[in-house]
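# Structural characterization, general
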Amino acid sequence: MVQILRGISYYFKPSKIRKSGPYLIPIFLGVLFKFNALLLFILPITAIKSISEGTLSSRVAKIFNYFYIPKPNDESLFLFFLTIILLALVTFFIIRDFKNFFIWKIKNKIYLNQRSNNKLSKRKYYDLKSKLNRVDRLIKINENIIFCSILIILIILYDFQIALITLAGGLIYYKIIVNQNLKSNLNNLSPLDKRDRNNKIL
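In what follows, the accompanying structure is described.

Criteria and thresholds
- In this numbering scheme, every chain counts its residues from 1 along its sequence in written order.
- With the structure being a predicted model, the display of local features is reserved for residues of pLDDT at least 70 and the display and counting of side-chain atom pairs for 80 or more, all residues being used for whole-chain, interface and lining totals.
- The basis for the side-chain values is all heavy atoms of the structure; hydrogens and waters are excluded.
- Each helix is a run of DSSP H or I of at least 4 residues and each strand a run of E of at least 2, with the numbering of both proceeding from the N terminus.
- Burial classes follow relative accessibility: with a 1.4 Å probe on protein chains only, a residue under 20% of its type's maximum area counts as buried, one over 50% as exposed, and anything between as partly exposed.
- Throughout, the Shrake-Rupley method with a 1.4 Å probe supplies accessible areas, and for residues the shown protein chains are the sole cover considered.
- Any pair of Phe, Tyr and Trp rings, taking the six-membered ring for Trp, is counted once the centres come within 6.5 Å. Such a pair is stacked with planes under 30 degrees apart, edge-to-face with planes over 60 apart, and tilted for the rest.
- Only buried residues count toward a nonpolar core. Its members are Ala, Val, Leu, Ile, Met, Phe, Trp, Tyr and Cys residues joined through side-chain atoms within 4.5 Å.
- By the convention used here, residues are in contact when the closest approach between their heavy atoms is within 4.5 Å.
- By salt bridge we mean one thing: a side-chain nitrogen of Lys or Arg within 4 Å of a carboxyl oxygen of Asp or Glu.
- Axis definition: a line fitted to C-alpha atoms, over the contacting stretch in the case of helices. Angles run 0 to 180 degrees between N-to-C directions.
- Geometric relationships in this document are graded by angle, where less than 35 degrees denotes roughly parallel, more than 145 denotes roughly antiparallel, 65 to 115 denotes roughly perpendicular, and other angles denote oblique.
- By convention the crossing between two helices is left-handed if the near helix lies anticlockwise of the far one by an angle smaller than a right angle, and right-handed if it lies clockwise.
- The classification used treats Ala, Val, Leu, Ile, Met, Phe, Trp, Tyr, Cys and Pro as nonpolar, Asp, Glu, Lys and Arg as charged, and all other residues, Gly among them, as polar.
- Only residues whose relative accessible area exceeds 30% and that form no salt bridge are eligible for patches; like-charged ones are grouped when within 9 Å, while nonpolar side chains (Val, Leu, Ile, Met, Phe, Trp, Tyr) are grouped when within 5 Å.
- An expected span of 1.5 Å times one less than the residue number is assigned to each helix.
- To be clear, the arc concerns the directions from the helix axis to the C-beta atoms.

### Topic: the overall build of the protein
Across its full length, the protein carries eight helices and zero strands. If you list the helices and strands of the protein from N to C, you get α-α-α-α-α-α-α-α. Here the protein holds 202 residues, and the buried ones make up 22% of them. When the accessible surface of the protein is split by element, carbon and sulfur atoms take 66% of a total near 15000 Å².

Shown next as structure tokens:
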């Protein structure tokens with residue numbers, strides 16, 4: 001747990017925040033993308049339940065009342081859920097495309113900085129490949145941390161026991177991701193780096 005907190009605090013250092021500036025937008029979009037995907041999973045289930053019962057479910061009604069949003073009429077439930085699902089679906093693809101665009105901008109900048117005389121040496125090629133993979137990994141890890149943190153807070157507010165189970169599952173997931181990243185880092189080493197590493201060991 002201490003290691004996780006240290007890892008999170010590392011990203012809040014002023015120098016790290018300045019360097020992470022270009023990554024903030026794709027990370028933010030990645031979190032929105034995950035919530036949008038979750039919404040697309042929940043909405044059809046809620047729609048089927050509400051339409052079959054002929055009235056808005058009590059949990060959804062509480063959300064509407066909490067935010068002072070006018071509830072749809074029982075007669076217009078089908079049209080209401082259909083509109084919401086279509087909007088969520090369109091938003092899903094828009095967020096995905098915007099996220100991919102900003103990731104491409106980051107990678108393209110790295111590529112242009114690495115490139116010289118329209119040629120890449122073998123070592124530079126593997127170094128570039130490693131940096132581009134690091135971009136994907138950094139964005140994915142950070143958006144997962146933020147998404148899970150928000151989700152855990154929402155679950156704690158809803159049910160504390162479910163939150164404990166989710167937190168335990170999250171810690172297991174974190175350990176798995178850390179092990180996968182270690183293996184990925186070793187696999188992404190260039191043959192030259194691997195040879196240097198083996199020579200140092202010997």
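### Points about the packing of aromatic side chains
Taken as a whole and assessed by the stated rule, the structure comprises seven aromatic pairs. Each residue in the set Phe33, Phe92 and Phe93 is aromatic and connected to the rest through ring pairs, giving one cluster.

### Remarks on the nonpolar core
Formed by Leu40, Leu43, Ala47, Leu56, Val60, Ala61, Phe64, Leu77, Phe81, Ala88 and Phe92, the largest nonpolar core amounts to eleven residues. Contributing elements (two or more residues each) for this core: α3 (21–53), α4 (58–66) and α5 (77–114). Tallying contributions element by element places α5 first for this core, with four residues. Beyond its immediate sequence surroundings of up to four residues, Phe92 is in contact with Phe33, Asn36, Ala37 and Leu40. If you look at the next biggest cluster of nonpolar residues, it comprises eight residues, including Ile27, Ile110, Leu128 and Ile139.

### A word on the pattern of salt bridges
On inspection of all chains with the given rule, the structure shows five salt bridges. Measuring nitrogen to oxygen at the nearest pair gives 3.8 Å for the salt bridge that ties Glu143 to Lys34. Here Glu143 is found in helix α6 (residues 122–158), whereas its partner Lys34 is found in helix α3, with 109 residues between them in sequence. Its relative accessible area of 23% is what places Lys34 among the partly exposed residues. Its salt-bridge partner being Asp97, residue Arg96 comes within 3.4 Å of it at the nearest N-O pair. What makes Arg96 partly exposed here is its relative accessible area of 35%. Look at Asp97 and you get partly exposed, because its relative accessible area is 42%.

### Some words on the packing of α3 against α5
Put simply, α3 and α5 touch, their axes get as near as 9 Å, and they point 160 degrees apart. On the basis of their axis angle, the class for α3 and α5 is roughly antiparallel. Handedness of the crossing formed by α3 with α5: left-handed. Grouping the constituent residues of the contact of α3 with α5 by class yields 27 nonpolar, five polar and two charged.

### Observations concerning a nonpolar patch on the surface
Among the surface-exposed residues, Ile51, Phe78, Leu79, Leu82, Leu86, Leu89 and Phe93 lie close enough to one another that they form a single nonpolar patch of about 660 Å² accessible area. Among the elements that line the nonpolar patch, the one with the most residues is α5, at six residues.

### Overview of α3
Between its first and last C-alpha atoms α3 spans 48 Å; for 33 residues at 1.5 Å apiece the expected length is 48 Å, and the two agree. For α3, the complete set of buried residues consists of Tyr23, Pro26, Ile27, Leu29, Gly30, Val31, Asn36, Leu40, Leu43, Thr46, Ala47 and Ser50. Looking one or two residues beyond α3, the residue adopting positive phi is Gly54, at roughly 80 degrees.

### Digging into α4
Residues Val60, Ala61 and Phe64 constitute the buried set of α4. Projected onto a plane normal to the axis of α4, the buried residues spread over an arc of 100 degrees and lie on a single side. Turned more than 90 degrees away from the buried face of α4, the exposed residues are Ser58, Arg59, Lys62 and Tyr66. As for α4, its buried residues are in contact with α3 and α5. Backbone geometry just downstream of α4 places Tyr68 in the positive-phi region, at approximately 55 degrees.

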